[in-house]
Amino acid sequence: MSDALWGGRFEASMDKLVEKFNQSIDVDQALFFEDIEGSLAHVTMLGDCNIISQEEAQQIKDGLNELVNDYENKAFTFSSQYEDIHLNIEHLLTERIGSVAGKLHTGRSRNDQVAADMHLYTNKKVKLIIEGIKKLQRSIIQCAEQHIDVIIPGYTHLQRAQPILFAHHMMAYFWMLERDKERLTESLSRINVSPLGSGALAGTTYPINQQQTKDLLHFDSVYPNSIDAVSDRDYILETMNNINLVMMHLSRFSEEIILWCSHEFNYITLSDAFSTGSSIMPQKKNPDMAELVRGKSGTVAGNYIGMLMTLKALPLAYNKDLQEDKQAFFHSIETCIDSLTIFSGMINTMTINKEHIVQTLEEDFSNATELADYFVHFGIPFREAHAITGKLVSECIKKNIFLKDVPLAHYQTIHPEIDEAIYSILQPKSAVERRTNENGTSTQSVLAQIKSGKSKLN
Ligand code: ARG
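Since we're looking at a predicted model, the values are computed, not measured.

Rules used throughout
- Residues numbered from 1 in each chain as written.
- Predicted model: local features only at pLDDT ≥ 70, side-chain atom pairs only at ≥ 80, totals over all residues.
- Heavy atoms only, no water.
- Helix = DSSP H or I, 4+ residues; strand = E, 2+ residues; numbered from the N terminus.
- Rg over C-alpha atoms; globule rule 2.2 N^0.38 Å.
- Buried < 20%, exposed > 50% of the residue type's maximum accessible area, 1.4 Å probe, protein only.
- Contact = heavy atoms within 4.5 Å.
- Areas by Shrake-Rupley, 256 points an atom, 1.4 Å probe, with all protein chains shown as cover.
- Phe/Tyr/Trp six-rings, centres within 6.5 Å; stacked < 30°, edge-to-face > 60°.
- Expected span 1.5 Å × (residues − 1).
- Arc of directions from axis to C-beta.
- Core = buried A, V, L, I, M, F, W, Y, C linked by side-chain atoms within 4.5 Å.
- Salt bridge = Lys/Arg side-chain N within 4 Å of Asp/Glu carboxyl O.
- Pairing = 2+ DSSP bridges.
- Patch = residues over 30% accessible without salt bridge, like charges linked within 9 Å, V, L, I, M, F, W, Y side chains within 5 Å.
- Near = heavy atom within 4 Å.
- Polar contact = N/O pair within 3.5 Å; in protein donor to acceptor, adjacent residues only side chain to side chain.

Participant: Give me the lowdown on the overall build of the chain, citing residues and values where you can.
Facilitator: From N to C terminus, the chain includes 19 helices and six strands. Expected size for 458 residues packed as a compact globule is a radius of gyration near 23 Å; at 31 Å, the chain overshoots this value by more than 25%. Dimensions along the principal axes, computed over C-alpha positions, put the chain at roughly 100 × 50 × 40 Å. Each of the 458 residues in the chain was classed as buried or not, and the buried ones make up 51%. Taking the contacts inside the chain whose residues are at least 6 apart along the sequence as the reference set, 75% of them involve residues at least 24 apart. Accessible surface for the chain amounts to roughly 22,200 Å². Of this, 53% is attributable to carbon and sulfur atoms.

Participant: Describe the packing of aromatic side chains, naming the residues involved and giving the relevant values.
Facilitator: Tallied over the entire structure, the rule returns 22 aromatic pairs. Seen in terms of ring centroids, Y155 and F265 are 5.9 Å apart; in terms of plane orientation they differ by 50°. Their pairing is tilted. Taken together, the residues span a long stretch of sequence, with Y155 in strand β1 (residues 151-156) and F265 in the loop between α10 (234-260) and β5 (268-269) at a distance of 110 residues. Accessibility expressed as a relative area gives 16% for F265, which makes it buried. Taken together, F32, F33, Y71, F76 and F78 form an aromatic cluster joined through their ring pairs.

Participant: Lay out helix α15 (residues 382-399) with the relevant residues and their values.
Facilitator: In a regular helix each residue adds 1.5 Å, so 18 residues correspond to 26 Å; α15 covers 25 Å between its end C-alpha atoms and thus fits that length. Those residues of α15 lying buried are A385, T389, L392, V393 and C396. Looking straight down α15, one finds that the buried residues subtend no more than 105° of arc, so they occupy a single side. Facing away from the buried side of α15 by over 90 degrees, the exposed positions are R383, K391, I397 and K398. On the buried face of α15, the contacting elements are α14 (368-376) and α16 (408-412). N400 sits one or two residues past α15 and shows a positive phi near 60°.

Participant: Please set out the nonpolar core residue by residue, giving values where relevant.
Facilitator: Looking at soluble globular proteins, one finds that nonpolar side chains tend to be buried together. In this structure, I257 and M350 are the most contacted members of the largest nonpolar core, which totals 100 residues. If sequence neighbours within four positions are ignored, M350 has contacts with C143, F166, M170, I257, I268, T269, L270 and S271.

Participant: Give me the lowdown on the pattern of salt bridges, citing residues and values where you can.
Facilitator: Here the structure, examined in full by the defined rule, presents 27 salt bridges. Close ionic contact of R96 with E95 constitutes a salt bridge, the shortest N to O distance being 3.8 Å. One salt bridge connects D325 with K326, and the closest N-O pair in it is separated by 2.9 Å. Pair check on accessibility: D325 and K326 agree, each one buried.

Participant: Help me get a handle on the pairing of strand β2 (residues 159-165), residues and values and all.
Facilitator: As defined by bridge partners, β1 adjoins β2 across six bridges and the pair is classed as antiparallel. Following the sheet pairing, I151 is matched in β2 by L165. Between the end of β1 and the start of β2, which pair antiparallel, lie two residues, with H157 showing a positive phi angle near 60°.

Participant: Got a sec to walk through a nonpolar patch on the surface? Specific residues and values, please.
Facilitator: Among the surface-exposed residues, L201, I227 and L316 lie close enough to one another that they form a single nonpolar patch of about 270 Å² accessible area. Position of L316 relative to the elements: it lies in the loop between α11 (288-311) and α12 (327-349). Classification of L316 as exposed rests on a relative accessible area of 65%.

Participant: Run through the site of the ligand, naming residues and quoting values.
Facilitator: Taken together, S24, D84, H86, R110, N111, V114, Y318, Q323 and K326 make up the full set of residues adjacent to the ligand. A distance of 3.4 Å is found between a nitrogen atom of the ligand and a side-chain nitrogen or oxygen belonging to S24. One nitrogen or oxygen atom from the side chain of Y318 is found 2.4 Å from an oxygen atom belonging to the ligand. Its free accessible area being 340 Å², the ligand has 87% of it covered by the protein chains. No other element matches the three residues that helix α6 (residues 110-146) contributes to the shell around the ligand.

Participant: Please give an account of unusual backbone geometry that cites residues and values.
Facilitator: Of note, the bond from L316 into A317 is cis; its omega dihedral lies within 30 degrees of zero at -5°. Within the secondary structure, A317 sits in the loop between α11 and α12. The phi angle at N266 is positive, at roughly 55°, despite the residue not being glycine. Residue placement: N266 occurs in the loop between α10 and β5.

All quantities given are derived from atomic positions and should not be read as evidence of function.
In structure tokens form, the structure reads like this:
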């Protein structure tokens, strides 16, 4: 007979490569605590429902708690011989409390067991991601408030478009993250569902109490269908996609950080603690953290597609393919949490090179829209004002001057009533402060925006 825990009907023992290929303990040992938690709830319920005696239930609980201690003291190692975390724990429990350990698996299958573990794990990690998002949002708000007086060129097509508050630009990322947080929070109702009691797929003949295990594990509800309960991995895919969105946002943010700290932009300087050097070029200080986050956003997108492909066309109910739901998922989760933490530190410690930014704004045409709008005040139709301004810009480029350098007399040829006020209109500050609409870039609007952002962080 095979010595595997399920080996009753097997005469020969397992091929070595099959053992290696079949095992998942390398990866699913990350579920140790969730598995113990699930087993503690299950065995409590078995005792309360008189499926096993209270004494036996207590013995099993003591054994499981002892295992937690031993785990923390590194008193044992897992073995691929016992395939996965569930069978390793059962084996270790048997070593400690003897054959009564065999009663733990009454009215349960590894199929509902692993599903319960994954639900507990996902719930815990999604909450950590939400916390990570909040932390980064706080860093963004703090940075926006600290630099509320900094004006930068806003870009479209990566060409200078109109002056904006740096704080306004930063807050754009706040709201992307806010949507991510909302999505993750909403997903909790689908994550927090108990599959326990579904057994292998059909339910169980034992008089179990599924409401009790649900309550003990703080799930919100029980799956209405046992077949769906053991084969559903939608919540994993959903979480991976929510992670994709977070990472995609961080990759866009990364790209800007990378540009901003280049010599060409020089808008910010990253702290040494969040940069790396070059092994050959002594002058280099590289934004590796932002680059890694940008790169890892690609890896987690691949992880998502991998999971989708694993699930596609799977027949009901449990299939061993589902064992593949872990490695890439765990990786995506950890990557997302670390990326959020790194980003928050990077924002908290970066310097904004205000003098340089002010200087660059003096030398561009991002005030051209202001000029066109100003002409409109004199009754010139906007299309015409646009064309006149475009022509002025073209003349300036040829003469290597800027709109503020055009003499008043020349402006007066466009309309005789134009006066000195035109030069204050051309100031970036004026362009910013006149955009007082509720989501505009004026200081007053951005301060209101920050206030409403803060209210989302309670
Ligand atoms: N290691 C398995 C997994 O992660 C546990 C469930 C195994 N169930 C089974 N019927 N072989 O999916």
